[in-house]
Amino acid sequence: MSSLTIAIDGPGSSGKGTIAKLVARELGFQYIDTGAMYRSVALMAKRRGVAWDDAEALGALTRGLSFTFAFSGEQLTVHVDGEDVSGLIRTPEMGQGASDVSKHGPVRESLVAVQRGLGEMGGVVMDGRDIGTVVLPGAELKVFLDAALDERARRRHRELLDKGEDASYDAIRDALAARDHQDRTRAIAPLVPADDAVILDSTDLTIEGAAAVVLELARSRAPQAV
Ligand code: DC
């Protein structure tokens, strides 16, 4: 039986993607990165000349896209309409673009429908901003993963330096703070913990330590499923 559904929400660079991936691998579950979908919409909109604030045009564009997720080793690859966009969407520009396009109802409605379809079979770890509140409100385990802004900025900075990119810590910290504010204060599906979410602060935890806490919670919620 693999019907357990795990929702992990939290702000940018809280470690939720890495933790969700580790948990999914350990349980043999599918990992679904919903942020990658919003990032892909931002990328496709830019390419097609659709402004990130044009709600109706963005909705039409989003409804026409098809997404596929696959693992190649440790790496999650995201294909949009058959094209591997995994590298192209992991830029600060597309992070901001994703936050901008995600404010619009027509975009969210279209992506939430896809995400619910992926989640309804169970055996899934899904991460994002509104998974526990909107996409999968019936998830057996909801985790809201947080971490102090300075620690999240340090993690993002290290990630970019590891990729060989030139990045200023202060600029990263400011951009993260601005994006969080936008995600937390938007009118539709803002970033807030679900009432029944477990709040996990990963500031002083390693990624492995935080993943171990989530696994323990999963096992205590539905021992027969995991
Ligand atoms: O997790 P991420 O950094 O890849 O997400 C990029 C942006 O996409 C984030 O700033 C807000 C938006 N997003 C959202 O609104 N809802 C989700 N479920 C996932 C991401």
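Right above here is the structure, for reference.
Procedures and definitions
Residues numbered from 1 in each chain as written. Predicted model: local features only at pLDDT ≥ 70, side-chain atom pairs only at ≥ 80, totals over all residues. Heavy atoms only, no water. Helix = DSSP H or I, 4+ residues; strand = E, 2+ residues; numbered from the N terminus. Buried < 20%, exposed > 50% of the residue type's maximum accessible area, 1.4 Å probe, protein only. Lys, Arg positive; Asp, Glu negative; His and termini not counted. Salt bridge = Lys/Arg side-chain N within 4 Å of Asp/Glu carboxyl O. Contact = heavy atoms within 4.5 Å. Near = heavy atom within 4 Å. Polar contact = N/O pair within 3.5 Å; in protein donor to acceptor, adjacent residues only side chain to side chain. Areas by Shrake-Rupley, 256 points an atom, 1.4 Å probe, with all protein chains shown as cover. Pairing = 2+ DSSP bridges. Core = buried A, V, L, I, M, F, W, Y, C linked by side-chain atoms within 4.5 Å. 1 Å grid on protein atoms, 1.4 Å probe; cavity = no way out; pocket = protein on both sides within 12 Å on 5 of 7 lines; lining within 4 Å. Points joined across faces, edges and corners; volume = space filled by probe spheres on them. Nonpolar A, V, L, I, M, F, W, Y, C, P; charged D, E, K, R; others polar.

## Some thoughts on the side chain of arginine 179
So, step 1. Mapping arginine 179 onto the fold places it in helix 8 (residues 169–185).
So, step 2. Although arginine 179 lies buried, it forms no salt bridge, and the closest oppositely charged side chain, aspartate 183, sits 4.6 Å away as judged by the N-O distance.
So, step 3. Beyond its immediate stretch of four places on either side in the chain, arginine 179 contacts Arg39, Gly95, Gln96, Ser99, Arg129 and Arg156.

## Points about the site of the ligand
So, step 1. Residues in close proximity to the ligand total 16 residues, the closest being Arg39, Arg108, Arg179, Asp183 and Arg186.
So, step 2. Lysine 16 has a polar side-chain atom sitting 3.4 Å from an oxygen atom of the ligand.
So, step 3. Within the contact set of the ligand, an oxygen atom lies 2.9 Å away from a side-chain nitrogen or oxygen of arginine 129.
So, step 4. For the ligand, whose free accessible area comes to 450 Å², the fraction covered by protein is 96%.
So, step 5. Looking at the shell around the ligand, the elements that each hand over two or more residues are helix 2 (34–48), helix 4 (92–101) and helix 8.
So, step 6. With 4 residues, the single largest contributor to the shell around the ligand is helix 2.

## Overview of the sheet that holds strand 4 (residues 75–80)
So, step 1. Read across the sheet, 3 strands follow the order 3-4-5 without closing on themselves; strand pairing throughout is antiparallel. Two strands in the sheet have a free side with no partner beyond their single neighbour: strand 3 (67–72) and strand 5 (83–84).
So, step 2. Where strand 3 meets strand 4, 6 bridges bridge the pair, whose relative direction is antiparallel. Residue pairing in the sheet places phenylalanine 71 in a bridge with leucine 76 of strand 4.

## Focus on unusual backbone geometry
So, step 1. Positive phi outside glycine occurs at aspartate 81, with the angle close to 50 degrees.
So, step 2. Here aspartate 81 shows up in the loop between strand 4 and strand 5.
So, step 3. Under the relative-accessibility criterion, aspartate 81 is labelled partly exposed at 41%.
So, step 4. In this structure, alanine 189 is a non-glycine residue whose phi angle is positive, near 45 degrees.
So, step 5. Examined against the element boundaries, alanine 189 turns out to sit in the loop between helix 8 and strand 8 (198–201).
So, step 6. Look at alanine 189 and you get buried, because its relative accessible area is 13%.

## Topic: the nonpolar core
If you look at soluble globular proteins, the nonpolar side chains tend to sit buried side by side.
So, step 1. Ranked by size, the top nonpolar core spans 55 residues in total, and within it Ile6, Ile8, Val23, Val41, Val125 and Val214 carry the most contacts.
So, step 2. It is helix 2 that contributes the most residues to this core, 8 residues altogether.
So, step 3. Setting aside its immediate chain neighbours within four residues, valine 23 contacts Ile6, Val125, Ala211, Val214 and Leu215.
So, step 4. The next biggest cluster of nonpolar side chains, apart from the first, holds 5 residues, and it includes Leu160, Ala167, Ile172 and Leu176.

## Quick notes on the layout of surface pockets
So, step 1. In this structure, the second largest pocket spans a volume of roughly 170 Å³.
So, step 2. Taken together, Pro92, Gly95, Gln96, Arg156, Leu160, Ala171, Ile172, Ala175, Leu176 and Arg179 form the lining of the second largest pocket.
So, step 3. Elements supplying a minimum of two residues to the lining of the second largest pocket: helix 4, helix 7 (149–162) and helix 8.
So, step 4. By residue number, the principal contributor to the lining of the second largest pocket is helix 8, which donates 5 residues.
So, step 5. Grouping the amino acids of the lining of the second largest pocket by side-chain chemistry returns 6 nonpolar, 2 polar and 2 charged.

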